[in-house]
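# An overview of the molecular structure
Residue-level listing of the chains:
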Amino acid sequence: MHFPTLPTSLLVTLALHYGVNAAASEEKVLEPCTVSSATGNFYDLRSLSIALPTDDKKPVKGEKVDDWHARGYDYHKNEANFTLNICAPVIGNVEDVVGVDRSLWRNVSAYYELDSKKYSIGQNSSELTLRGRRLVLQYTNGSPCTTEKKRRSTWDADEQEDEFETKSDSDVRRKSTIISFHCDKDPLATQASATFVGTDPDECSYHFEVLSRAACITAEPAKQSVGPGAVFAIIGIIAILVYFLGGVFYQRNVAHARGWRQLPNYSMWAGIGSFIKDIFIIATSSCARFMPSRRGYSALSVSANGSFNGRGRNNRAEDENRLIDQLDEEWDD
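Nothing here was measured: the structure is a model prediction, and the numbers come from that model. (Residues numbered from 1 in each chain as written. Predicted model: local features only at pLDDT ≥ 70, side-chain atom pairs only at ≥ 80, totals over all residues. Heavy atoms only, no water.)

This paragraph deals with the packing of aromatic side chains. For the coordinates displayed, the defined rule picks out 12 aromatic pairs. Relative to Phe244, the ring of Tyr243 has its centre 5.1 Å away and its plane inclined at 75 degrees; by these criteria the two rings are edge-to-face. Here Tyr243 falls in the partly exposed class, since its relative accessible area comes to 32%. Lying over the aromatic face of Trp68, Lys64 brings its terminal NZ or CZ to 4.7 Å of the ring centre. (Phe/Tyr/Trp six-rings, centres within 6.5 Å; stacked < 30°, edge-to-face > 60°. Buried < 20%, exposed > 50% of the residue type's maximum accessible area, 1.4 Å probe, protein only. Lys NZ or Arg CZ within 6 Å of the ring centre and 35° of its normal.)

Quick look at the structure:
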């Protein structure tokens, strides 16, 4: 019997090499509303995403159950306030959104209300972007941008809607939102805060800042593709392979053993085999006693009066001696 002479260390190195290459070839997939940098920094903003409760359970104390709100301050003379959600559509009821199809109303992630009208400033997106050290989330495809042109020096409120000119659908510009996230290092802070920063002159791009502990760098959670049992099984198989291959290499090259004696601890394994064989024989012989006896004829001994009794062969000599003694007594008489 011949065994390979390849060193165990080389075999283990080759196995690790192919395993690392296979793992590196797989594309890394991140969860929505998370991002990982090239240097290993990991950000997870899923805790800032507000979702409707899926059951009748009461929310945990301190858990936010409504959308995020930001004051407009000087935007339209503080008459417009903003409502937004992070990586999800707003959970409030949004209807009659200006310039947005009805089917997309439920996908609005940020909007403001002005003069009893709702203007979308972006549809839902969960794709985070790292620009340097700045963590950014962008919403696009909101309501159409409008350019205000004054036609008369004096105009009344009834004609205010006529002062806006909207481009054609093919060239329309739509409102968008950029949300910048900052790490809140205040240990006493319990909840994030959203702040409106400003907009461009055309009122097409809106900028917000969110201060939260969720925006701080965290460790990326390890993804376990196999269960604990499989992990221990793999470790055990590798240990057994290293044991046998290393033992064979030593016995063949150092001890100059050949045949089955190349196996590590050959005498021990051979003794285990003999022990198992003896246990099997003892077990089968013990079970044979409980099996039914073989049916058939048995030897019968003849008594002095000519009757037969069913004794076994072990008592045959005793019966013969008794018969001889009886015959001797009759001759003496």
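Here we come to the confidence of the model for the protein. Averaged over every residue, the pLDDT of the protein is 77; the share at 70 or more is 71%. Low pLDDT, under 50, characterises residues 1-12; the stretch is placed with 20 contacts to residues that sit more than four places away or in other chains. Predicted confidence for residues 148-167 stays below pLDDT 50, and this span has 24 contacts to residues more than four positions away or in other chains. (pLDDT = per-residue confidence, 0-100. Contact = heavy atoms within 4.5 Å.)

This part covers a nonpolar patch on the surface. Taken together, the side chains of Ile240, Tyr243, Phe244, Met268, Trp269, Ile272, Phe275, Ile276, Ile279 and Ile282 present a nonpolar region at the surface, about 930 Å² in accessible area. Counting only elements with at least two residues in the nonpolar patch, the list comes to α2 (228-253) and α3 (266-288). No other element matches the 7 residues that α3 contributes to the nonpolar patch. Mapped onto the fold, Ile279 is located in helix α3. Ile279 gets classed as partly exposed once you look at its relative accessible area, which sits at 44%. (Patch = residues over 30% accessible without salt bridge, like charges linked within 9 Å, V, L, I, M, F, W, Y side chains within 5 Å. Areas by Shrake-Rupley, 256 points an atom, 1.4 Å probe, with all protein chains shown as cover. Salt bridge = Lys/Arg side-chain N within 4 Å of Asp/Glu carboxyl O. Helix = DSSP H or I, 4+ residues; strand = E, 2+ residues; numbered from the N terminus.)

Quick look at the pattern of salt bridges now. Enumeration over the complete set of coordinates arrives at 3 salt bridges. Arg46 is the partner of Asp44 in a salt bridge, and the nearest nitrogen-oxygen pair spans 2.8 Å. Judged by relative accessible area, which is 39%, Arg46 ranks as partly exposed. The partner of Asp202 in a salt bridge is Arg173, and the shortest N-O contact between them spans 3.2 Å. With a gap of 29 residues between them, Asp202 in the loop between β12 (193-199) and β13 (205-212) and Arg173 in the loop between β10 (164-165) and β11 (176-183) connect regions that are remote in the sequence. Overall, Asp202 belongs to the partly exposed group, its relative accessible area being 34%.

Attention now goes to the side chain of Ser180. Along the chain, Ser180 turns up in strand β11. Judged by its relative accessible area of 2%, Ser180 falls in the buried class. Only 3.5 Å separates the side chain of Ser180 from the side chain of Arg134, close enough to count as a polar contact. Excluding residues within four positions of it along the chain, Ser180 makes contact with Arg134, Leu135, His207, Phe208, Glu209 and Val210. (Polar contact = N/O pair within 3.5 Å; in protein donor to acceptor, adjacent residues only side chain to side chain.)

This model, assessed by the stated rule, comprises 3 disulfides. Covalent S-S linkage joins Cys33 and Cys87, the inter-sulfur distance amounting to 2.1 Å. Between Cys33 and Cys87, the disulfide has an S-S torsion of 75 degrees and is therefore right-handed. Linking Cys33 in the loop between α1 (8-25) and β1 (34-36) with Cys87 in the loop between β4 (81-84) and β5 (110-114), this pair joins segments that are 54 residues apart in sequence. Both residues of the pair, Cys33 and Cys87, count as buried. A disulfide bridge connects Cys145 with Cys204, and the sulfur atoms are separated by 1.8 Å. In this pair, Cys145 is assigned in the loop between β8 (134-139) and β9 (147-148) and Cys204 in the loop between β12 and β13, connecting sequence segments 59 residues apart. (Disulfide = S-S within 2.5 Å.)

We now examine the sheet that holds strand β3 (residues 68-70). Strand order across the open sheet formed by 4 strands is β3-β4-β5-β6, with antiparallel pairing between neighbours. On the outer flanks of this sheet lie β3 and β6 (117-120), each paired with one strand and no other. For this sheet, the mean angle separating the axes of adjacent strands, direction not counted, is 25 degrees. Looking at chain direction, β3 and β4 are connected through 3 bridges and run antiparallel. Looking across to β4, one finds that Ala70 is bridged to Phe82. (Pairing = 2+ DSSP bridges. Axes fitted to C-alpha atoms, helices over the stretch in contact; angles between N-to-C directions.)

Okay, the sheet that holds β13 next. Read from one edge to the other, the open sheet built from 5 strands follows the order β7-β8-β11-β13-β12, with strand pairing classed as mixed. Every other strand in the sheet has two partners, leaving β7 (128-131) and β12 as the edge strands with one partner each. For this sheet, the mean angle separating the axes of adjacent strands, direction not counted, is 30 degrees. Relative to β13, β11 is paired through 8 bridges, and the arrangement is parallel. Note that in β13 the partner of Cys183 across the bridge is Ser212.

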